[in-house]
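Residues per chain, in single letters:
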Amino acid sequence: MSGQAPPRPGRLGTAVVKLYPRAWRDRYADEVLDLLAHRPPGPRAAADLLLGALDAHLNITELLRGAATMLAQLRRAALTTLGAWVALCLTVAGLIKVNEDLAYRQAEIAHPLLGGADATAQWACVVAGALVLVGGLPLAVTGLREAWRHDRAALPLFAVPPAAGAVWLGTGLLLGLLGRDAALPQWLGRAAFCGWIALAWVAAAVSVAAVGRLLRRLELAARLLRLATVAGGLVAAAVTVAALSLITYAVELHTAEPALFSGGDGIIATPLPFTLIPLTVIGTAAAVLADRAAWRGIRALPGA
Amino acid sequence: MAKNDADDVGDLGRFSDPSLLIMSSLADGPRHGYAITKDIEEFAGVSLGPGTLYGALARLEVRGLIEPLASAERRQPYRLTARGAAVLAAQLNALQSVAATGLARLATA
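*Asks:* Explain the overall build of chain B residue by residue, including any values.
*Replies:* Looking only at helices and strands, chain B has five helices and two strands in total. Secondary structure elements in chain B, listed N-terminal to C-terminal, are α-α-α-α-β-β-α. Expressed as a percentage of its 109 residues, the buried residues of chain B come to 48%. Contacts in chain B between residues far apart in sequence, at least 24 positions, make up 51% of those at least 6 positions apart.

*Asks:* So what's going on with the packing of aromatic side chains? Residues and values would help.
*Replies:* All names here are of chain A. Under the definition given, this model contains five aromatic pairs over all chains. Ring geometry for Phe-193 and Trp-196: centres 6.5 Å apart, planes at 40°, overall tilted. Note that Phe-193 and Trp-196 are positioned in helix α9 (residues 186-217) at a spacing of three residues, about one turn of the helix. Over the face of the ring belonging to Trp-148 we find Arg-152, whose NZ or CZ atom lies 3.8 Å from the ring centre.

*Asks:* Go over the packing of helix α2 (residues 16-26) of chain B against helix α4 (residues 50-62) of chain B with me, naming the residues and quoting the values.
*Replies:* All names here are of chain B. For the pair α2 and α4, interaxial distance at closest approach is 9 Å and the crossing angle is 75°. Between α2 and α4, the angle falls in the class roughly perpendicular. Across the interface between the two elements, Pro-18, Ser-19, Ile-22 and Met-23 of α2 pack against Thr-52, Leu-53, Ala-56, Leu-57 and Leu-60 of α4. For the contact of α2 with α4, the class distribution of residues is seven nonpolar, two polar and no charged.

*Asks:* Could you give an account of the packing of helix α8 (residues 155-181) of chain A against α9(A), with specific residues and numbers?
*Replies:* All names here are of chain A. Where α8 contacts α9, the axes come no closer than 8 Å and their chain directions differ by 175°. Comparing the axis directions of α8 and α9 gives the class roughly antiparallel. Together, Leu-157, Phe-158, Val-160, Pro-161, Ala-164, Val-167, Trp-168, Thr-171, Gly-172 and Leu-175 of α8 and Ala-192, Trp-196, Leu-199, Ala-200, Ala-203, Val-206, Ser-207, Ala-210, Val-211, Arg-213, Leu-214 and Arg-217 of α9 make up the contact between the two elements. Of the residues contributing to the contact of α8 with α9, the split by class is 17 nonpolar, three polar and two charged.

Rules used throughout
- Residues numbered from 1 in each chain as written.
- Chains lettered and ligands numbered in written order.
- Predicted model: local features only at pLDDT ≥ 70, side-chain atom pairs only at ≥ 80, totals over all residues.
- Heavy atoms only, no water.
- Helix = DSSP H or I, 4+ residues; strand = E, 2+ residues; numbered from the N terminus.
- Buried < 20%, exposed > 50% of the residue type's maximum accessible area, 1.4 Å probe, protein only.
- Contact = heavy atoms within 4.5 Å.
- Phe/Tyr/Trp six-rings, centres within 6.5 Å; stacked < 30°, edge-to-face > 60°.
- Lys NZ or Arg CZ within 6 Å of the ring centre and 35° of its normal.
- Axes fitted to C-alpha atoms, helices over the stretch in contact; angles between N-to-C directions.
- Parallel < 35°, antiparallel > 145°, perpendicular 65-115°, else oblique.
- Nonpolar A, V, L, I, M, F, W, Y, C, P; charged D, E, K, R; others polar.

Next up, the structure:
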């Protein structure tokens, strides 16, 4: 077998399989085409396939009941894991913001656990992002193709995440320019900064909601959802590592540098615990959600 | 109980016989579609068309009598579930009883 190209289904078989309902093809077409590749259909098998297509059109709800449940669980797991990762990214970005001062850099050098926790949280976020791409990119490409062919009204939803990101970045740039060129009162500057942070969460929520709509709306191949679920399990593990690092960072800062911990380096110069503790809580909640979603998704996989 | 188990396959209409053959094929281990077709040809001399095979596989899966196994390949192996094994046993016992009765009556006729 080695060195030989895998057998391919003939034109007749491929053409007849296209007569089946799309939802049925998403679930079974790969298997049937594999069967037809090993055994090209004669007239009798082609007629049997045609009857099967008619049966599938008449009984699609019954035939896909089990598969539909599984796919719905995989979709939910993928979406929750994505949402948890996005929430974690914002949380880690918050940590980067609050410990950007030199005093924190020096504390991280003096206390390796502190520096290690900070670096681990950031790297776990990056690794999780790479895994999100591994699981999500094939879904995005296939979804885009599906929407282009069968549901063009869904196409604007693909533009929501980049548009939301652009609005947030554009607002940040605008506020930066205004802050530099115009002497804004302190309260206005702080309000604008808080608004910009709130906008980040809104943009993230709108983006995840758009992805959720797409996941529900488009017919996506089960094998891609299975790949996303496996990647989602690894994302959940990375999110958990990041959340544990956030907790470690907060505890170590409190233990090793109490003056920094209780200082006024929180958001808009509030006491740091008012920012650090909510960040830790959000990160932990994201990890719990991601782990639960990944567990449910993996349990829904065939053979699990 | 056995009657209900047997009804799980009996209510499949034209897919009843193919379902029984598929479950019998899966009784000694997981197989994918092509392997099931070949196995049935060998032990029963019946050639299942691809439309019939997947119509029956989908119905058996929905009823929880078989389940797909994780697979990285295009071909998807299936295995008999515990419930599927019980249903198959009930169905085969019922057939055996019919066969034994019929044969006995022929012998005394």
